[in-house]
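Chains, contacts and geometry: an overview
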Amino acid sequence: MSPEVLSTPVVDTAKTPPDRAHSRARAARRRRIVVTLSRVLLLVAVLGLWEVLARTEVIDPFNFSMPSKIWDQIWTWITHGTALGSLGEQIWYTLHEALLGWVFGVVAGVVFGIALGRITLLADVLGPYIKVLNSIPRIVLAPIFVIWFGLGPASKVASAVVLVFFPVFFNAFQGAREVDRNLVANARILGASDRRVTLQVVIPSATSWIFTSLHVSFGFALIGAIVGEYIGATKGIGLLVAQSQGTFNAAGVYAAMVILAVVALLAEGLLTFAERRIFRWKPSGSDS
């Protein structure tokens, strides 16, 4: 072997991809830290400005309250309970109604969405009726449900169902329509029946569409439960809002809103975790 060959430098290409991956991971961590700090600073700035403006009476503290009073109200509810019972009981009552409405609405939306997405004749027949129902402001149905089902949980669950159904339905319907026709054709060539095509090709392909609607729909379920409780109920966060409004307790109204926001964020976190576990095969958008 010649000396020239021996003296040629060898480039270790095996180290390049790991180094690049390490750099991307480090950049992603830095970005997450920056985003988290920015969010915290923004929240602190907004709350601090709100507190200062209320204490200096630039804004009316009676109507707008202030963060310190809102926290005092939450702490009072935590330590001494509410006029309706313990705070945990009110949260669970509303969450139970929202969860039931969310489950029923999701199941109905997925079933009808996939069915109409697969059966063109059914979509042509029911399409106009679904459009008409979707055009009705669904919040105004809450008083009707209270009349039909009374002040118990059933009227709140019904309000949550009608709010959840349509976003899930339209996403499932579109997901069923967007399935790769080549996959369907290949499945039929292999002898798959309509039922197997639906279960093994269409539904898995539409899952990402359905999960997209789940993030929004749980918030709608909470809205349905709260609106129903606000109109008429025996307990729940919505009734706390109504009572606080009736006694001109602005801090109580805001405190209930904060509690609802925390519940919604926790639910969003659980859905995001479940989605990442199910779709681990999908590439992360931050890696591009």
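Residues numbered from 1 in each chain as written. Predicted model: local features only at pLDDT ≥ 70, side-chain atom pairs only at ≥ 80, totals over all residues. Heavy atoms only, no water.

1. Overview of the packing of helix α5 (residues 87-118) against helix α11 (residues 237-246)
- For the pair α5 and α11, interaxial distance at closest approach is 7 Å and the crossing angle is 120 degrees. Together, L87, Q90, I91 and T94 of α5 and I237, G238 and L240 of α11 make up the contact between the two elements.
- Taken together, the residues of the contact of α5 with α11 sort by class into 4 nonpolar, 3 polar and no charged. (Axes fitted to C-alpha atoms, helices over the stretch in contact; angles between N-to-C directions. Helix = DSSP H or I, 4+ residues; strand = E, 2+ residues; numbered from the N terminus. Contact = heavy atoms within 4.5 Å. Nonpolar A, V, L, I, M, F, W, Y, C, P; charged D, E, K, R; others polar.)

2. What to know about the side chain of S159
- Position of S159 relative to the elements: it lies in helix α8 (residues 153-177).
- Looking at S159, its side chain comes within polar contact range of the main-chain oxygen of S155, at 3.1 Å.
- Here S159 is in contact with A142, F145 and G224, once residues within four sequence places are set aside. (Polar contact = N/O pair within 3.5 Å; in protein donor to acceptor, adjacent residues only side chain to side chain.)

3. Topic: the side chain of S213
- Tracing the backbone shows S213 in helix α10 (residues 194-231).
- The exposure class assigned to S213 is buried, which follows from its relative accessible area of 2%.
- Other than its neighbours up to four places away in sequence, S213 contacts P167, V168 and N171. (Buried < 20%, exposed > 50% of the residue type's maximum accessible area, 1.4 Å probe, protein only.)

4. What about unusual backbone geometry?
- With a phi close to 60 degrees, E57 is a non-glycine residue in the positive phi region.
- Tracing the sequence through the fold places E57 in the loop between α2 (16-55) and α3 (61-64).
- The class for E57 is exposed, based on a relative accessible area of 61%.
- In the Ramachandran plot, F248 falls in the positive-phi region, its phi being about 55 degrees despite a non-glycine side chain.
- Mapped onto the elements of the fold, F248 is located in the loop between α11 and α12 (250-278).

5. Things to note about the packing of helix α7 (residues 141-149) against α8
- The contact between α7 and α8 brings their axes to 8 Å, and the two run at 145 degrees. You can see that α7 and α8 cross each other, and the crossing is right-handed. Across the interface between the two elements, L141, A142, F145, V146 and F149 from α7 touch A154, S155, A158, S159 and V162 from α8.
- Of the residues assigned to the contact of α7 with α8, the class counts are 8 nonpolar, 2 polar and no charged. (Left-handed = near helix turned anticlockwise from the far one by under 90°.)

6. A few points about a positive patch on the surface
- Residues R26, R29, R30, R32 and R276 make up a contiguous surface patch of positive charge.
- With respect to the helices and strands, the residue R29 is situated in helix α2. (Patch = residues over 30% accessible without salt bridge, like charges linked within 9 Å, V, L, I, M, F, W, Y side chains within 5 Å. Areas by Shrake-Rupley, 256 points an atom, 1.4 Å probe, with all protein chains shown as cover. Salt bridge = Lys/Arg side-chain N within 4 Å of Asp/Glu carboxyl O. Lys, Arg positive; Asp, Glu negative; His and termini not counted. Charge placed at Lys NZ, Arg CZ, Asp CG, Glu CD.)

7. Notes on the environment of T212
- Its location among the elements puts T212 in helix α10.
- Assessed through its relative accessible area of 45%, T212 is described here as partly exposed.
- Counting along the chain gives 40 residues from T212 to A172, while the straight-line C-alpha distance between them is 9.7 Å.

8. Focus: helix α6 (residues 120-135)
- Its 16 residues give α6 an end-to-end C-alpha distance of 22 Å, which sits within 8% of 22 Å, the value for a rise of 1.5 Å per residue.
- Of all the bends in α6, the greatest, near 45 degrees, is centred on L126, and the proline P128 appears no more than four residues after it.
- Taken residue by residue, α6 has A123, G127 and I130 as its buried positions.
- In this fold, the buried residues of α6 make contact with α5 and α8. (Expected span 1.5 Å × (residues − 1). Bend = angle between axes of the 7 residues up to and from the residue.)

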